[in-house]
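Residue-level structural notes
Okay, here's what each chain looks like letter by letter:
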Amino acid sequence: MFIKSPGKGDDIGMFEEVKNMLVSEMSIDADEITENAEFVKDLGFNSLELADLVVLCEEKYNVDIDEERAHTIITVGDFSDYLAELTAGK
């Protein structure tokens, strides 16, 4: 079970998993990755890199990420929360 961060409701466990994936699979500097870091603005992602991240997560967690919902996700924390929702009870 994941630990909830106080006051935000974020999933610390899932955030750490996403952070580790960004470091190992996408070569992002760990120091740049915070819950409020924006994929495009802060981490320099382009649309292909975002698509790669979605595919990686779909395969790793055996989930289907809704394309329309994915377009509304801006920060690493948003993405972590969404993945936590998708994987809850799995």
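Everything below is about the structure shown above.
Rules used in this analysis
Along each chain, numbering runs from 1 in the same order as the chain's sequence is written. Predicted model: local features are reported for residues with pLDDT of at least 70 only, side-chain atom pairs are reported and counted for 80 or more only, and whole-chain, interface and lining totals are derived from all residues. Excluding hydrogens and water, the side-chain figures rest on all heavy atoms present in the structure. Working definition: helices are DSSP H or I runs of at least four residues, strands are E runs of at least two. Numbering for both runs from the N terminus. A 1.4 Å probe rolled over the protein chains alone gives each residue an accessible area, and that area as a share of the maximum for its type sets the label: buried under 20%, exposed over 50%, partly exposed in between. A helix's residues, less one, multiplied by 1.5 Å, set its expected span. Pairing of aromatic rings covers Phe, Tyr and Trp, the last through its six-membered ring, and needs centres within 6.5 Å; plane angles under 30 degrees mean stacked, over 60 mean edge-to-face, and all others mean tilted.

**Structural notes on unusual backbone geometry**
- Positive phi, normally seen in glycine, also occurs at S27, with a value near 55 degrees.
- Here S27 is to be found in the loop between α1 (12-26) and α2 (47-61).
- In this model, N62 sits at a positive phi of 55 degrees, which is unusual for a non-glycine residue.
- Among the structural elements, N62 can be located in the loop between α2 and α3 (67-70).
- On the basis of relative accessibility, which here comes to 61%, the residue N62 falls in the exposed class.

**A look at helix α4 (residues 76-87)**
- Look at α4: 16 Å from first C-alpha to last across 12 residues, which is about the 16 Å you get at 1.5 Å a residue.
- Inspection of α4 places V76, G77, F79, S80, Y82, L83, A84 and T87 among the buried residues, and these make up the whole buried set.
- Following α4 by one or two positions, G89 adopts a phi angle in the positive range, close to 85 degrees.

**Remarks on the packing of aromatic side chains**
- Throughout the structure, instances matching the rule amount to 2 aromatic pairs.
- Pairing F39 with F45 gives two aromatic rings, centres 5.3 Å apart and planes at 70 degrees, and the pair type is edge-to-face.
- Look at F39 and F79: their rings are 5.9 Å apart centre to centre, the planes differ by 90 degrees, and that puts the pair in the edge-to-face class. One end of the pair, F39, is in the loop between α1 and α2; the other, F79, is in helix α4, with 40 residues separating them in the sequence.
- The structure contains a cluster of three or more aromatic residues connected by ring pairs, namely F39, F45 and F79.

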